[in-house]
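Results of the structural survey
Next come the chains, spelled out residue by residue.
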Amino acid sequence: MGWIGLWVVLLGAALWPTEGWRRLEGTREENTTATAPQDVFACGFVSVFPVDHGAPRHHVSCRTRACPRGRRCLPDKETGRAHCVCQDRCRPTFVPVCGSDGRFYENHCEVYRTSCLQKRKIYVLHSRDCFFKGDTCTMADYNKLKMLLLNMHAKNLSSEAAAQEKRMDQKRNLVDTMFTYLDVDHDGRVDSEELAQISTKGRLEDRPLECSMQDLLRYDDYNNDGLLTLQELYTAFQVVQLTLPEDKRVSISTVTVGLSTVLSCAIQGTLRPPIMWKRNGIVLNFLDLDDINDFGDDGSLYITKVTTIHMGNYSCHAYGYEELFQIHVLQVNVPPVILVYPETQAQEPGVAASLHCYADGIPNPTIVWLKNGMDLQPRLSKQLSLIANGSELHIRSVRYEDTGAYTCIARNDVGVDEDISSLFVEDSARKTRLSVGHMFYIFSDDGITILQPSECETRRRIKRADRIMASYEEVCPKGEGDSLPRCTWATAVNVRDKYIYAAQPLQNRLLVVDTQAQKVVQVVETDPVPVKLHYDKSHDQVWVLSWGDHDKTYPTLQVVSQASVGEEHRVVRTQFQRVDDFFIPPTNLIITHVRFGFIFLKSETAVHKIDLETFHRLKTISLKNYSCVPTGMAYTHLSGYYFIQCLGRNSTSFPPQLIIDGVTDSVIGPNRDIIGTPYVSPDGRHVATPDYSRGTLRIQTITFRGELRPTHEFGLDLNISDLIFQPSFTESNQYSIVATSRSGTELLLANLSTGRRKVLKTLKEPIPPESWSWSRANRLVVSSGPFGQYLVTPAAESLFVLNGKQSIPHCEVSDIKKGNTVVWVGEV
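This part covers the overall build of the protein. A tally of regular secondary structure across the protein gives 10 helices and 55 strands. Counting all 828 residues of the protein, 51% fall into the buried class. Here the contacts in the protein between residues at least 6 apart in sequence split such that 52% fall between residues at least 24 apart. Looking at the protein as shown, the accessible area adds up to about 39400 Å², and 50% of this sits on carbon and sulfur atoms.

Printed below as a string of structure tokens:
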């Protein structure tokens with residue numbers, strides 16, 4: 001038959017019904033008495049019967065009533081009076097036609113029925129062009145229609161209700177309201193007729209839209225049953241339905257250091273957006289991190305080679321729905337690492353002896369002792385006792401039979417470690433020679449004093465006029481206009497108990513002291529006025545900050561490489577200029593390697609992260625949003641927090657400390673309202689800040705889950721010069737704080753486990769602050785290592801040795817003046 005013949009049939013079928021429509025359209029329904037043409041029955045809309053002339057005109061029944069196309073006659077239930085209503089359905093015949101509304105219809109009946117339902121004139125279009133016109137409702141137009149529908153129903157919500165609802169629930173509430181509005185017969189489904197009624201009711205046909213309500217069926221009737229359900233409407237309007245079980249809102253995970261872990265997000269639901277992860281409020285998904293670098297298809301967070309910096313809180317949420325989130329608390333467990341002291345000792349019979357075992361790990365390890373492989377626990381008595389949770393084994397009066405190998409064993413949930421401390425009990429004739437270690441080196445006006453603290457005995461003096469072995473220069477040469485040699489020291493560092501590097505700012509050099517020979521063996525020339533040294537044990541480097549002159553005009557940062565190697569040492573100048581200060585995190589038993597350091601540039605609101613091996617700048621962390629010029633820094637490996645001391649831009653204001661997350665290198669925000677210099681304990685578990693704005697010493701604790709909590713607040717009556725953490729002698733893994741006064745004779749001792757404090761007030765006046773220009777610490781306090789009970793702090797004309805175990809002065813050494821550069825040397 002061909003396409004031409006088909007179009008003749010189709011167009012012929014489209015022509016004949018229109019006259020009847022026009023004729024009936026022009027007739028008033030109340031006065032219709034003519035018999036409808038036969039073509040009316042083709043659509044099966046109405047039944048036409050002869051007019052009953054005997055019936056009253058005011059009570060016309062369906063026997064005498066004819067209705068236009070698309071309608072049928074329906075008698076009123078109460079009065080019986082006939083009226084015309086829209087046709088329920090059409091016969092399923094396929095005679096395709098196009099309506100004047102641009103839509104394609106299966107037959108004429110559907111055209112007129114739709115016209116009736118929508119209460120607007122729709123007629124058959126007598127052109128085959130409409131069959132090739134295509135759909136004018138694009139996806140963009142359809143989205144406009146949906147937005148219009150949402151806006152229409154949003155007006156029905158009160159502003160108060162909208163404010164109380166969460167954003168995700170608001171949209172679902174809108175769609176629920178819309179579905180109730182569309183579902184006229186409340187059967188839980190929306191059909192074409194209901195959509196047509198709503199279109200008319202909402203006067204959508206009067207709006208310049210390319211799409212109609214019927215397009216909801218076209219685009220979002222996913223099962224093609226001609227009906228819309230609430231679930232299909234949720235999908236159409238992208239209503240995300242997320243769920244998070246109440247018992248999974250907080251998830252606690254524990255992983256052993258060095259392993260990998262996966263954090264899975266428990267948020268589920270239809271149309272769930274991508275999962276976003278945050279740490280301390282910083283989105284992780286868009287950061288290029290070495291250790292957090294894979295986000296699986298299921299939204300899980302992968303952390304490789306977990307370290308203690310990874311502990312803390314992580315949160316997951318669906319993108320755009322931050323109100324619903326799950327918290328993952330990550331605890332990182334660390335097997336025990338121990339250090340015994342002394343490794344070996346010889347004692348005479350009848351004296352007391354102590355063996356120490358310091359153990360660190362997460363959770364805190366428990367300690368037991370063996371003697372020659374046998375458990376010591378049953379033998380404990382007044383003669384043999386354990387102190388500080390087993391970290392000290394004390395023998396009251398040694399006997400020959402106490403000679404042996406004492407093994408300290410530390411255990412926790414994830415591992416065990418052990419080491420041996422040997423004790424030899426022998427008479428004085430066979431007693432081993434005293435070691436050259438376990439000494440304080442005090443650098444003062446007169447030279448270098450090597451002090452044995454327990455006996456307050458000066459073991460050796462290196463005088464200012466003594467000659468240096470390599471160069472034969474004097475230890476302290478005369479300056480211009482000086483009648484006598486004068487020793488001026490700024491700072492000194494211990495290099496693996498083999499060497500001490502001491503800065504002489506007026507001579508623009510470092511002196512290297514050999515601790516075995518107890519002599520100055522080398523001079524290392526530096527840039528002018530070296531004032532700060534730091535030994536980086538990870539890379540065996542001594543970092544040197546020089547001011548250039550006393551006004552800090554040309555500051556530079558230099559490095560001595562292979563500082564512990566017995567060879568000729570020299571400095572290498574780094575590329576960094578205008579350096580105001582630098583910070584390199586310390587190591588401890590758990591953290592034995594440090595990769596990065598930080599530098600502060602003059603008057604700049606930023607810290608710069610550097611690679612300690614290559615000396616290259618890696619990134620800049622801006623502090624501009626907090627108006628913070630960094631002046632000090634401290635670090636804890638628990639959660640990887642950096643604490644930044646701030647100075648305001650005008651040099652007179654003091655903003656609160658800032659915290660930087662070491663995982664993301666992002667500023668988390670202020671550390672509460674704490675102002676001042678932060679100090680962190682060697683194990684990273686305590687942060688102490690002298691807060692002069694409040695007159696308090698504020699203590700915070702970092703838990704094994706990475707939480708930063710306030711624990712103590714001590715009244716502060718002194719302007720602190722220096723502060724250190726002294727290991728507790730009564731409890732393992734605890735500390736006391738020892739702090740000196742900048743202008744007075746006081747010394748503060750505060751126990752962090754009990755909260756008790758004590759102030760010593762008899763230590764004489766310190767070096768005047770104006771006479772010590774190299775740092776704020778015009779009165780140092782230095783301890784004798786993790787096992788030593790002695791501390792040293794200088795006065796202006798003497799030096800005090802303190803007994804930290806008893807919290808009392810031990811002795812005063814009167815012939816040491818301005819000895820404010822002190823180094824402890826342990827095993828040599």
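That was the structure; now back to the text.
Take the sheet that holds strand 24 (residues 439-444) next. With antiparallel pairing, the four strands of this open sheet are ordered in space as 26-25-24-55. Strands with a single pairing partner mark the edges of an open sheet, and in this sheet they are strand 26 (457-463) and strand 55 (821-825). In this sheet, adjacent strand axes meet at a mean angle of 20 degrees when their direction is disregarded.

Looking now at unusual backbone geometry. For the peptide bond that leads from Tyr341 to Pro342, omega is -10 degrees, which places it in the cis range. The residue Pro342 is located in the loop between strand 15 (326-341) and strand 16 (344-347) in this model. Note that the residue after Ile362, namely Pro363, is joined by a cis bond; omega there is -5 degrees. Mapped onto the elements, Pro363 comes out in the loop between strand 17 (353-362) and strand 18 (366-371). Even without a glycine there, the phi angle at Arg578 is positive, about 55 degrees. Here Arg578 is to be found in the loop between strand 34 (571-577) and strand 35 (579-583). Classification of Arg578 as partly exposed rests on a relative accessible area of 42%.

With that settled, the discussion passes to empty space enclosed by the protein. By the definition in use, this model includes three cavities of 30 Å³ or more. Approximately 250 Å³ is the volume attributed to the largest cavity. Tallying contributions element by element places strand 17 first for the lining of the largest cavity, with four residues. Of the residues assigned to the lining of the largest cavity, the class counts are 11 nonpolar, six polar and two charged.

The subject of this paragraph is the packing of aromatic side chains. As enumerated under the stated definition, the model contains 11 aromatic pairs in all. Look at Phe725 and Tyr735: their rings are 6.1 Å apart centre to centre, the planes differ by 85 degrees, and that puts the pair in the edge-to-face class. In this pair, Phe725 is assigned in strand 47 (residues 720-727) and Tyr735 in strand 48 (residues 735-741), connecting sequence segments 10 residues apart. Pair check on accessibility: Phe725 and Tyr735 agree, each one buried. The rings of Trp543, Phe582 and Phe615 are connected pair by pair, giving a single aromatic cluster. Geometry around Phe237 places Lys146 over its ring, the cationic atom sitting 5.8 Å from the centre. We note Lys609 situated over the ring of Phe596; from NZ or CZ to the ring centre the distance is 4.1 Å.

The next thing to look at is the pairing of strand 15. Sheet analysis places strand 7 (residues 250-256) next to strand 15, joined by seven bridges and oriented parallel. Note on strand 15: the bridge partner recorded for Val250 is Ile327. Two strands pair when backbone bridges link them, and strand 14 (residues 312-318) and strand 15 are joined in this way by five bridges, in the antiparallel orientation. Bridge pairing links Asn313 to Val329 in strand 15. When strand 15 meets strand 17, the two strands line up antiparallel, connected through six bridges. Bridged to Val334 within strand 17 is Ile362.

Within the secondary structure, Arg379 sits in the loop between strand 19 (374-375) and strand 20 (384-387). You can call Arg379 partly exposed: its relative accessible area is 44%. In this structure, Arg379 is in contact with Lys371 and Leu384, ignoring residues within four places of it in sequence.

All right, on to the sheet that holds strand 30 (residues 519-525) then. Strand order across the open sheet formed by four strands is 27-28-29-30, with antiparallel pairing between neighbours. Strand pairing shows two members of the sheet lacking a second neighbour, strand 27 (492-495) and strand 30, which therefore form its edges. Across the sheet, the mean angle separating the axes of adjacent strands is 25 degrees when strand polarity is ignored. When strand 27 meets strand 28 (residues 499-504), the two strands line up antiparallel, connected through four bridges. Each bridged residue has a counterpart across the sheet, and for Ala492 the counterpart in strand 28 is Ala502.

This next bit is on the state of the cysteines. Covalent bonding between the sulfur atoms of two cysteines defines a disulfide. This model, assessed by the stated rule, comprises nine disulfides. Residue pairing for Cys357: its cysteine sulfur links by disulfide to Cys408, the two sulfurs lying 2.0 Å apart. Here the disulfide of Cys357 and Cys408 is left-handed, its torsion about the S-S bond being about -75 degrees. Taken together, the residues span a long stretch of sequence, with Cys357 in strand 17 and Cys408 in strand 22 (residues 404-412) at a distance of 51 residues. Look at Cys357 and you get buried, because its relative accessible area is 1%. Residue Cys476 pairs covalently with Cys487 via a disulfide, S to S 1.7 Å. Where Cys476 bonds to Cys487 through sulfur, the torsion about that S-S bond is close to 105 degrees, and the disulfide is right-handed. With Cys476 in the loop between strand 26 and strand 27 and Cys487 in the loop between strand 26 and strand 27, the pair connects residues that are 11 residues apart, well separated along the chain. Taking the relative accessible area as the measure of exposure, Cys476 reaches 0% and is therefore buried. By relative accessible area, which is 2% here, Cys487 ends up buried.

We now examine the nonpolar core. Ranked by internal contacts, the top residues of the largest apolar core, which has 54 residues, are Trp277 and Tyr314. Listed by contribution, the elements that provide at least two residues to this core are strand 10 (275-279), strand 13 (301-303), strand 14, strand 15, strand 36 (596-601), strand 39 (629-636), strand 40 (641-647) and strand 41 (658-661). The greatest single-element share of this core, amounting to five residues, is contributed by strand 40. Residues Leu145, Ile198, Phe237 and Val239 belong to the second largest nonpolar core, which totals 23 residues.

The rules behind these values
- Residues numbered from 1 in each chain as written.
- Predicted model: local features only at pLDDT ≥ 70, side-chain atom pairs only at ≥ 80, totals over all residues.
- Heavy atoms only, no water.
- Helix = DSSP H or I, 4+ residues; strand = E, 2+ residues; numbered from the N terminus.
- Buried < 20%, exposed > 50% of the residue type's maximum accessible area, 1.4 Å probe, protein only.
- Contact = heavy atoms within 4.5 Å.
- Areas by Shrake-Rupley, 256 points an atom, 1.4 Å probe, with all protein chains shown as cover.
- Pairing = 2+ DSSP bridges.
- Axes fitted to C-alpha atoms, helices over the stretch in contact; angles between N-to-C directions.
- 1 Å grid on protein atoms, 1.4 Å probe; cavity = no way out; pocket = protein on both sides within 12 Å on 5 of 7 lines; lining within 4 Å.
- Points joined across faces, edges and corners; volume = space filled by probe spheres on them.
- Nonpolar A, V, L, I, M, F, W, Y, C, P; charged D, E, K, R; others polar.
- Phe/Tyr/Trp six-rings, centres within 6.5 Å; stacked < 30°, edge-to-face > 60°.
- Lys NZ or Arg CZ within 6 Å of the ring centre and 35° of its normal.
- Disulfide = S-S within 2.5 Å.
- Core = buried A, V, L, I, M, F, W, Y, C linked by side-chain atoms within 4.5 Å.

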